[in-house]
Structures are given as structure tokens and as C-alpha cells.
Amino acid sequence: MSQVPSPFKFLDSYQKSDVKIFFGRTKETTELYNALSGVKHLMVYGPSGSGKTSLVECGLRNRFSNADWYALTIRKGNNINTSVYNSINEALKNKIPMNASLGLPSDPSIGFGEAVEKLFKERFQPIYLLFDQFEELLISGDQDEQKTFFESINKLIYDTVPCRIMLIMREEFIGHLSEFESLCPSILQNRYRVEKMGRKNVQEVIFQILEAPTYKQFYRVEDSNKLAEKILSRLPDKKMQIELAHVQVFLSELWDRAQSINKDNELPVLSTELIQKGDNLEKILESFLKKQIDTLEGDYGKGVPLELLATMISEKFTKLQLSETTIRLELEHKKVQSKSPISKLLKELVQRRILRTLKADDESQFEISHDSLALVVGQNLTEEMKMREKAADIYKVYDERKGLFTQDDIDYLRPYEKSLNFPPELQKRIQESNLAIQEQRQKEIEQKISDSNKKKKLRFLGAAIVVLIGFIAAITYLAMDAKKQEKLAKDETVRANIAEGEIKELLHLVMKGRGEQYENIPDSVLTKILFKQRTYPIDSLIIPKGSISPSNKGGENRNYTMWIDVPSFRKNEIEKVQYKFCRGFVDRLRTSIDPTSSFSIGYLGYGYCPQGYDIDIILKTGDTIHLNLSYEDFVKQTP
């Protein structure tokens, strides 16, 4: 690293104070300003690296006068609802009394609208709530947190208090909002898309950055036009758009090179000679990350810096906000040992501008400095890390299931323990399940012995019936033959009738013990099947099924058929079944009232759901069973 930090923005977003070095977004700033006019809420979306945050925080903030708005930028933090109240309370002179344990107002009647109105009465400025990185709520928020937020936002939209809401998010997560339209019907109505810059515009922006008066105190440029053109030549020809973050990182790399050959007391000179043959503008982030990790591994151990960064990204390779304590516990759980304290490594990553610190819920937290860098971290995970991530995802699925595990479940989980230890709660349930399985096997052995004894009793009863029939026949014969002893014959006939009733009762007992419908099924097998289906938790009996119609295989559009298998006499325990699909499906949420009925759903294109297909079985008790049919299992079931 150079002794003097690079003056360029690197991976940091532009803020209001950066207006003199914020170039190329005049048109988009005006469009965004106009899009926000006359609406209560607006969604600002676009691909990662398109500059959404910079457009809002620098472009839009400088377009408004202080009298026109009072804007609060809000991130999810530990809980987006508490973050809203904390942000408003920080701006208030007369604070809202808060419940410290819940992070919510002590007075439950105070909602978003009441809190915003209190702020408006203090400042007499329209309030703007800017929810940056809004996809964090959709990725890592729990159901209660999401439900409370969308209900509160819906009320705020229809409130008369002067307040506007802006949701800033990556476009690939917009589809997730459809499941919350019932809570906030207008959530998708007003939108503005931020595009990445084209090559010509980027070249002009590079030139303006190099020529900016603000930067003249830090360096000299031999020829800004030629240097901008040469920098852009390091972008592959097929790439018509580029993330400005890549340009900023590359400019910082050129700064470091100029610094390394700079003479004392002279300004570094930026020139085309600094650009090397192997430079690739599209791969600059990956090159930067690998270089920093290689440097840090000497002090902290092989793979440790990457392991730390891997804890700070989601399963979709977006950045997460984590405290130092959480990061340290995650590394301990993964058995990652650092040669130096983790706190020191975090500081170094901040100094190298890979991480940044922020305050959330009165606690310092860390996050990767840009989603583009988080994506590069995810793309460079080792096979061991990927296996651990897969294990963590599987543990999460099984941890959400209710009831005990089957032997098949335990056999499936066991290999992943080599990559990642079972969480304590999951380990406890596995042990309980093993005990239950052993007890069940013992009961089955005892049942077999009992079945064997029953068979012996039935054979004895059969022999008794034969003897009794012979006895009745003899009595009947004697009664008919002894006409002279009429009274005796009548008495014997009565006894015969009683005996005949006893025979029927014995025959009924035999049929009840055996049953005609079970004549060809061994008692032990039948007992085992019926016992399991009658007594096991219903979630262990449900098997998700799916297939692709053979006639549509290989075609552009596919028909997917899905259903669940469950014993017919247990179906009455199920209220409904919800099938959830990823983007590309015509209907992403399907509900079935009859659990075992199947349905077909159209899929557009050749894609698939890499995370599998989520299935929620809602029981009449109110409980929900969460299952996932992996894509691999789906393909295995396809005829």
C-alpha cells in the first residue's frame, strides 16, 4: 500500500459533499427528481454497480434545498423497524421514549406515522425516508420483521404527514416484493431504473475526474484524453457498460504505481506508461482482492482473510453488516484460527478500503465496502468454503423442521459434519432422534414377538373350534336319536344353541384378529407400516414430488408438475400447501387445498431454481412445515 492514500473514491459511494467530483449523472439526477415529484413513495432500482446510492446521496441531495426536504438514510441493521425509530430519534431534540430491550417506542400506539409527524413538527421540513440497500430486508429479514415493516409503510403512505419514502435496491430482488403486495398494495407502482454508464459516457467521466480542480493538489496528468482512452481500452470490447467502481479502483491502482516511482517532494504523474499489458478493467476488483489477501496472509495465516470476508456475504453474495463479536464467533464455529487478533485484521481491512465501519443500533458494525466486491469474494470461495456454506444451508433447512428426524435424515446430514460442526440445537435433536429410533426398533422387536404369540393363540382357538363343532354335532345326533327322552333332547338343544353362539363369537374373534384384507400381508410388516403412519409426526411422512412433462423436455418453455405424497388418512391434518418458485416462473406462488393433488406451472426459458423449490405445508393446527425440493432431487424424479 502507498504511504499516501489514493484521493479517488475507490469503492465508496459519493456523498453530498462530493458534488465537485461527481460527474456524468446530470440527466439521471433530473429524471429522479421529477420521478419523485407528486408521489408518496418511489422505488429506485438497477443492477449492482450502477451507482444508485451515489445518485441519491450526491445527485439528489444536492438538487433539493434544505427547506425542501429533511432526508434520513436508513439501513436494515439488526432490524429495519428499530432502525427507523433509531434514525428518527437521533434527529429529534425531544426523544421518543424507547423500550431498550425491544428497540421500539415504549408507547405501542406510536408507529412510523406518529414518529415522522413528531420530527416534522420540530423541523418544519418535509421528511424523506431513504431505505438504502433495501434488498437486505428481503434476503435476511425474518417474517415478523418483514410483515411489520410493510404494514407500517402502507399506513405511512396513506398518512397525511408530509413524508416521502424511497426504496433503493438491486433489480434482481424486485420479484421478492410480490409476496408483500397484500400488505402494501402500491409497493411496485412507482419506479425509476438506474442504468450503468455506456463506454462513451465513462470515458468522459474519467477525463473529468482527471481534470477536476479538487484533485490537482494530489497529482499531475500528462494527457487526460489519452489516459482516459487508454484506461477504457482495458475493458473487453464486448462490454458496452461498466461499473464506475471498477474505474475508481483502477485509478487508485495507477496512483499506487505512480507513487512507487515518485521522487521526493514531487507530485505523482499519471500517464499512459503506468498502464500494463495484462491490465483488465473488468477483472480489476478480483486482481485487487487477491493482491490484498496474499499480502495479509503472511500475518494472519493461509486463507484467514478470505475466510473472514466469506462470513460477511449472504448466500446470494450480497454484503452483510456484522459486529466484531459475530465475526469472531463465526470463525470459531468454522474452526478458522488466525495467527493475530481478528480485531487487528478488521482494522487492516478497513485501512485497505476492503471493509468499512458503520454504526447500527448503537453498535459498531463492519461490512464489505461494495456489493461488487462482495460478489468477487463469493466467486473466489474455495471448495472447502463452498462445502461449509452448503452444510450451513442444509442445517438451516433441517433446523426449521419440526419433530424428530428419521434414520434417512440422519444418514443424509452426517457427511456434512466433516465440513461444519452441527449447531448445538441440531446436534441435540439428532441425539433425541437416535434415541427415538432405537426405542422404535425395540418396540418393533417386541411387536414381532407379540405377533408370534398371537398366531399361536389363533391356532389354538382354531383347534378348539373344531373340537367344539364335533361336540355339538354329537349332541345334536344324540338328541335326534333319543326321541323317548324328549325333555332331555330339548335341554341339549338349548345348550347346542348356546354353543353355536359361542362358535360365532370365536369366529368373529378370529376375523377381527386377522382380517380378510390382511391375509396376504405379514403381521409384522403391516403393524410397522400402520404404526408409523398413525403415530409418526406428519412432517416425517411428507415427500415432495415433481417432474417435467416429457413432451416439453428440451423445449424453450417447460411445464413443471409438483405435489406431495402423504398417507390418505393423515390428509385431514393439512389446511393447504404453498409452492414457491424463483424468477422465470409464470406464477411464483401456487396454493393447493388438496395436498396430494398435482398441478402444472409454466417456466419461461432454460433456467432453473438453483436453491430448489420451497414448499410450505400449513397444518390445521396453525403450524407450518417448511420443505425444500432441491433441483437435483427434482431432476431425479423426472420420468
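Before going into details, it helps to say that this report is about the structure given with it. Since we're looking at a predicted model, the values are computed, not measured. (Residues numbered from 1 in each chain as written. Predicted model: local features only at pLDDT ≥ 70, side-chain atom pairs only at ≥ 80, totals over all residues. Heavy atoms only, no water.)

Quick word on the nonpolar core
Piece 1. Counting 68 residues, the largest nonpolar core has I231, L270, L308, L309, I327 and I368 as its most contacted members.
Piece 2. Beyond its immediate sequence surroundings of up to four residues, I231 is in contact with I206, F250, L251, L254, I275 and L281.
Piece 3. Of all hydrophobic cores here, the second largest spans 39 residues; its members include V84, A91, I153 and L188. (Core = buried A, V, L, I, M, F, W, Y, C linked by side-chain atoms within 4.5 Å. Buried < 20%, exposed > 50% of the residue type's maximum accessible area, 1.4 Å probe, protein only. Contact = heavy atoms within 4.5 Å.)

Concerning empty space enclosed by the protein
Rolled over the atoms, a probe with the dimensions of a water molecule shows which regions are left empty.
Piece 1. This model, assessed by the stated rule, comprises one cavity of 30 Å³ or more.
Piece 2. Of the pockets and cavities examined, the largest cavity occupies roughly 30 Å³.
Piece 3. Taken together, H333, K334, K335, E417, K418, S419, L420 and N421 make up the lining of the largest cavity.
Piece 4. Looking at the lining of the largest cavity, its residues break down into one nonpolar, three polar and four charged. (1 Å grid on protein atoms, 1.4 Å probe; cavity = no way out; pocket = protein on both sides within 12 Å on 5 of 7 lines; lining within 4 Å. Points joined across faces, edges and corners; volume = space filled by probe spheres on them. Nonpolar A, V, L, I, M, F, W, Y, C, P; charged D, E, K, R; others polar.)

Some words on the packing of helix α10 (residues 284-300) against helix α13 (residues 342-351)
Piece 1. Viewed as axis vectors pointing N to C, α10 and α13 meet at an angle of 160°, and their least axial separation amounts to 12 Å. The angle between α10 and α13 falls in the class roughly antiparallel. As α10 runs across α13, the sense of the crossing is right-handed. Between α10 and α13, the residues in contact are L296, D299 and Y300 and K344, L345, E348 and L349, respectively. (Axes fitted to C-alpha atoms, helices over the stretch in contact; angles between N-to-C directions. Helix = DSSP H or I, 4+ residues; strand = E, 2+ residues; numbered from the N terminus. Parallel < 35°, antiparallel > 145°, perpendicular 65-115°, else oblique. Left-handed = near helix turned anticlockwise from the far one by under 90°.)

Examining the pattern of salt bridges
Piece 1. Enumeration according to the criterion identifies 35 salt bridges in this entry.
Piece 2. Residue R193 pairs with E195 through a salt bridge whose shortest N-O separation is 2.5 Å.
Piece 3. Notably, a salt bridge pairs E348 with R352, separated by 3.6 Å at the nearest N-O pair. As far as burial versus exposure is concerned, E348 and R352 are alike and both buried.
Piece 4. In this structure, a network of salt bridges that share partners links the residues R75, E136, K319, R356 and E367. (Salt bridge = Lys/Arg side-chain N within 4 Å of Asp/Glu carboxyl O.)

Considerations on the packing of aromatic side chains
Piece 1. Summed over the entire model, instances satisfying the criterion amount to 22 aromatic pairs.
Piece 2. For the ring pair F134 and F149, a centre distance of 5.6 Å and an interplane angle of 45° mean the geometry is tilted. Of the two residues, F134 is situated in the loop between β5 (127-131) and α5 (135-140) and F149 in helix α6 (residues 143-157); the sequence distance between them amounts to 15 residues.
Piece 3. Looking at F134, the relative accessible area reads 2%, which means it is buried.
Piece 4. Residue F149 is classed as buried on the basis of its relative accessible area of 1%.
Piece 5. The residue whose ring lies beneath R63 is Y33, and the NZ or CZ to ring-centre distance is 4.6 Å. (Phe/Tyr/Trp six-rings, centres within 6.5 Å; stacked < 30°, edge-to-face > 60°. Lys NZ or Arg CZ within 6 Å of the ring centre and 35° of its normal.)

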